[in-house]
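# An overview of the molecular structure
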Amino acid sequence: MRMITFLVVGLTVHVVFFVSIFDIYFTSPLVHGMTPMATPLSPPASRLVLIVADGLRADSLFTLHPNGSSAAPYLRAIIEERGTWGVSHTHVPTESRPGHVALIAGFYEDVSSVARGWKENPVEFDSVFNESRHTWCWGSPDILPMFAKGASGDHVYTHTYPAEEEDFASTDASRLDSWVFTQVKSLFQSAKSNSTLMASLLQDKNVFFLHLLGIDTNGHAHRPMSQEYQRNIGLVDSGVSELVSIIEDFFSNDGRTAFVFTSDHGMTNWGSHGAGHPSETLTPFVAWGAGLQGPHKVTEDQLYKDGYLQDWKLEHLRRVDLNQADIAPLMASLIGVPIPVNSVGVLPVLYLNNSDHFKAQCMYTNAIQILEQFKMKMKQKKETTLSCLFTPYQKLSEPKQAEFIQKARILLQLEKYEDAISLCQALISDALEGLVYYHTYDRFFLGSSVVLGFVGWTSYVVLIILKTHASLNMHPDILKQKSDHTLARLCVCVSVVISIFLLIQRSPLTYYIYCLLPVPIWYSVFKESNTLKNMIHSAPSLPLWKCFGYFILVAFGIELLVVSFFHRAMLTAGLAVLSLWPMLSGLFEKAKWRCVNWFLSCLCLAAFPLMPVVGREPNMHLVMCAGLLTILVSCGFLWPSRNRTSLHLSDKQQFVIQMLHVAVCASVPFLTHSSLQQKQGLPLVNQIVSWLTLASSIPVPLMSSTRLFHRLLSIFLSLTATYLLLSTGSVQPRAEALFPPVLSWLMFVWINIEQEAMIAEGSSGRQELSTIDFSANIDISKIRQLKLDDIRRSYFFVFFIITAFFGTGNIASINSFDPTSVYCFLTVFNPFLMGGLMMWKIIIPFIIVMCTFETIQVTTQLSSRSLFLIVLVISDVMALHFFFLVQDYGTWLDIGTSISHYVIVMSMTIFLMLLSVVTHIFTSQRLALWRSRKMHFP
């Protein structure tokens, strides 16, 4: 097949492999069809007030100031005099949407649902709001609508401010919270003259939800240690104090109002959230009022060993921690509404102040509600699995379920409430384990199918490399045609059997794709089995020790790349080893200056993975220094030289304009940062320059000369200008703004030193770099076969791609939401646009490396497809490595991290397959190498 056909097939296969990890590990945990369960006893509260201070860290609320005062004196008094407190433990991703879903619906939303929508529900779910009689909500337009749309009927009333108000450059983001408190006061004031509203408010099972976004916005804009953040906490505290007074007066102090104060997630010291740092996952929880325990003084040491009690000066008061999903059953029990049917929260009994009978009955309701989910999940899996193959969850077989329920009822009748609570907690634990068991029931089967396809694809690509690009002694097989027909019939039979099996089990369409894909892949592998025979026949003529040595080195190199995903310092070790390559290969004697350049650039780049990815403080001077360095390097390159092709006047003018543009882009972040510090907002001129720079970053290089270094310099200047605008979050000592110039330095040296390596290999058709033109017609006759040294070139490329990705960050820093980097473009909260800009920032170093690799393919007279196939094998082996880590549940690695790494490698592979074509257009404006008609794939 031709290259373009192979690319389409390969892209399709990798997209399937990429999607499979989401279908296997990130499917929605929700099941439907259960009956809502409510406690039959009279609830202690008629109404619930839920206050969520978005982005509030636990330590920010509980820690006292050096002078002994509290940032929130009213809530501190509540903890000491009226309520119960603790730490709510959130789950990754620590973002607003999943946090609120866990709080109000009681389950942890899967990643795919989070990604599919920010304001609406990609899947229907039940919530405390849905089960209430009436719910009034005030706050952000990004959070409230999803609960209103998901509710049945029209009893959820939302009041939101315009999205434009969520501006990180705002003079005072706390006004968002002031708006909420004002609206709540207005509601109760209006009720005095509105009989209909008054009647609704006086009913039971009502919920009032206040979403306070100001703290989160100020944290992003000014950091959690700033005065703005601390003042906002004080504003919320005084607002809660006034709100409690208004509500209690409105309801004549009837003692039937329950109050819950918490946060959806925390925030790091540098103003981001999304990952799993304790500052992001530990949030405050304070509950007081009807049905809730008052402060419980303790004299003995509590079980918590994290040291927070002493730091917060709260060791004398009982601390009751809970998971974020546990809050939903607590709120439902307080006002007597059914627990959300998909909730996996466990009722925190220690928060309840009621009879033991009520506590036991609520816990029993909680247990039955979770057991109903388990039974529905088991029923669904049983219906889609052949009875002879179905393996039930042994701890909760149907007889054991009945036994559990009967025992719980008997204990309730005998008034052995503590025993009933313990039994129900055990039942909940088993039911939750059973839910996970059935939710992951098909993982091994699907994972095995994907691995089988993955191994087959990698084997096929290796055989293609050997057949098409290696000089093997070909031995014709006279039985080949007959064996091909037999193999085709066998594959058809296997496909039919698999399809019938899946049809009987009523499997989803995706199951057919994952299970049937390996069949044509392995058909192609077996069809090329003669290549393996030819290699065996050619073995005596091959340099076996050299091949074995390369194999060991590449295997070690791939393992180093895999480990670097978990420990970025391994990239530093790898770069240190690469810096010695010219000395070890004998190039130093032939090109000393270039080898010294290579050594220094490798060591400079090696410093970046050692720099911390946390502690981000804006440092605009580094951004300006990066811009100045870029201009100086460009001027040095354009300085006249005998060995360099002279530039046309139009090209000189373009480069001068681009360098001036870089200078402007280096100053824009500084001016923007200064304006934001002075709370004057984002200057319109800066915003226009930023968007124009982004829009022109691709087309401008296409207008430059197609001479090799001229085109590369134009690409470098254009992309660096955009990168500088996205580097307002650069840090000291991380200095991310300096990363592209240093990376580009190494890439330019790499191009030059590969030319010296070509001489050392004895290549006769070597061209001077200054004479190479990307747009020139390629002499197909000069395109050579692969050599062992090309494996090194391909590995270098993959190594530099990984370095470009992790050079200034890691998984946590990529997951964390930090809008600082996009302030030159926009300051109003827009998660998808901000995410897109951050993604482009990550891609820019990729493009620099890709353009370099394209240049090396041209200068080393190798077909694009040749090196690309080796790169494909290396990246696929890495992805397969991570997939095995995911499958190995006993490994010390966290499964979620392994999945993240697999997704990154697969995304990188798919991206490289697409970018290889785009980069070729970017550099040459032609597809000369891709149009080669001499080398075809079988």
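Structure first, text after, so check above.
Quantities reported herein were computed from a predicted structural model and do not represent experimental measurements.

### Focus: the overall build of the chain
What the chain contains, in helices and strands, is 37 helices and eight strands. Here the chain holds 938 residues, and the buried ones make up 57% of them. Sequence-distant contacts, at least 24 apart, represent 80% of the contacts inside the chain between residues at least 6 apart. Carbon and sulfur atoms provide 62% of the accessible area of the chain, an area that totals close to 38,200 Å².

### Concerning the packing of helix α20 (residues 509–516) against helix α21 (residues 518–527)
Running from N to C, α20 and α21 cross one another at 15 degrees; their axes reach a closest spacing of 5 Å. On the basis of the axis angle, α20 is roughly parallel to α21. Of the residues in α21, those in contact with Tyr514, Cys515 and Leu516 of α20 are Pro518, Val519 and Pro520.

### Some thoughts on the environment of Gln413
Along the polypeptide, Gln413 turns up in helix α16 (residues 398–413). Taking the C-alpha atoms as reference, Gln413 lies 9.9 Å from His357; in sequence the two are 56 residues apart.

### Details of the sheet that holds strand β1 (residues 47–53)
Taken together, the eight strands give an open sheet; going across it, the order is β4-β3-β5-β1-β6-β7-β2-β8, and neighbouring strands pair in mixed fashion. One side of each edge strand has no neighbouring strand; the edge strands of this open sheet are β4 (156–160) and β8 (322–323). Sheet contacts for helix α3 (residues 73–81): β2 (84–89), β6 (257–262) and β7 (282–289); angle to β7, the most-contacted strand, approximately 65 degrees.

### Points about the side chain of His14
Structurally, His14 is set in helix α1 (residues 3–25). Polar side-chain contacts of His14 include one of 2.8 Å to the backbone oxygen of Gly10. Of the polar contacts made by the side chain of His14, one reaches the side chain of Asp876; its length is 2.7 Å. What His14 contacts, discounting residues up to four positions off in sequence, is Trp457, Leu872, Asp876, Met906, Thr909, Ile910 and Met913.

### Things to note about the pattern of salt bridges
With the rule as written, the count across this model stands at 17 salt bridges. Close ionic contact of Asp442 with Lys381 constitutes a salt bridge, the shortest N to O distance being 2.9 Å. Pair noted here: Asp442 is in the loop between α17 (417–439) and α18 (443–469) and Lys381 is in helix α15 (residues 356–383), with a separation of 61 residues, a long-range link. For the pair Asp442 and Lys381, a shared accessibility class is recorded, and that class is buried.

### Notes on helix α8 (residues 175–191)
For α8, spanning 17 residues, the distance from its first C-alpha to its last is 24 Å, which sits close to the expected 24 Å at 1.5 Å a residue. Considered for burial, the residues of α8 that qualify are Leu176, Asp177, Val180, Phe181, Val184, Leu187, Phe188 and Ala191. Along the axis of α8, the buried positions cluster into a sector of 145 degrees, meaning they face one direction only. Contacts from the buried residues of α8 go to β3 (134–139), α9 (195–201), β5 (206–212), α10 (214–222) and α11 (227–250).

### Description of the packing of helix α26 (residues 592–606) against helix α32 (residues 739–760)
Two numbers describe a pair of packed helices, the interaxial angle and the distance between the axes. Running from N to C, α26 and α32 cross one another at 150 degrees; their axes reach a closest spacing of 9 Å. Judged by the inter-axis angle, α26 sits roughly antiparallel to α32. By crossing handedness, the relation of α26 to α32 is classed as left-handed. Residue-level inspection shows Arg594, Cys595, Asn597, Trp598, Leu600, Ser601, Cys602, Cys604 and Leu605 of α26 in contact with α32, the latter providing Phe739, Val742, Leu743, Trp745, Leu746, Val749, Trp750, Asn752, Ile753 and Glu756. Of the residues assigned to the contact of α26 with α32, the class counts are 14 nonpolar, three polar and two charged.

About the thresholds
- Residue numbering note: each chain is counted from 1, following its sequence as written.
- Totals for whole chains, interfaces and linings use all residues, but because this is a predicted model, local features are given only for residues with pLDDT of at least 70 and pairs of side-chain atoms are given and counted only at 80 or more.
- Hydrogens and water are ignored here; the side-chain numbers use all heavy atoms of the structure.
- For helices the rule is a DSSP run of H or I covering at least 4 residues; for strands it is a run of E covering at least 2, with both sets numbered from the N terminus onward.
- When accessible area is computed with a 1.4 Å probe and restricted to protein chains, residues below 20% of their type maximum are described as buried, those above 50% as exposed, and intermediate ones as partly exposed.
- Pairs of residues are marked as contacts when any of their non-hydrogen atoms sit within 4.5 Å.
- Methods summary: accessible areas were calculated by the Shrake-Rupley approach with a probe of 1.4 Å, and residue burial reflects only the protein chains presented.
- An axis is simply a line fitted to the C-alpha atoms; with a helix, the fit covers only the stretch in contact. Between two such axes, the angle follows the N-to-C directions and lies from 0 to 180 degrees.
- Here is the rule for angles: anything less than 35 degrees is roughly parallel, anything more than 145 is roughly antiparallel, 65 through 115 is roughly perpendicular, and the remaining ranges are oblique.
- For two strands to pair, DSSP has to find at least two bridges joining them.
- What qualifies as a polar contact is a pair of N or O atoms within 3.5 Å, subject to a donor-acceptor requirement within protein and to the restriction that residues adjacent in sequence count only when both atoms come from side chains.
- Any Lys or Arg side-chain nitrogen found within 4 Å of a carboxyl oxygen on Asp or Glu counts as a salt bridge.
- The span one expects for a helix is its residue count, reduced by one, times 1.5 Å.
- Working definition: the arc comes from the directions between the helix axis and the C-beta atoms, pointing outward to the latter.
- A clockwise turn of the near helix away from the far one marks a right-handed crossing, whereas an anticlockwise turn of less than a right angle marks a left-handed crossing.
- For this scheme, ten residues count as nonpolar: Ala, Val, Leu, Ile, Met, Phe, Trp, Tyr, Cys and Pro. Four count as charged, namely Asp, Glu, Lys and Arg, and the remainder, Gly too, count as polar.

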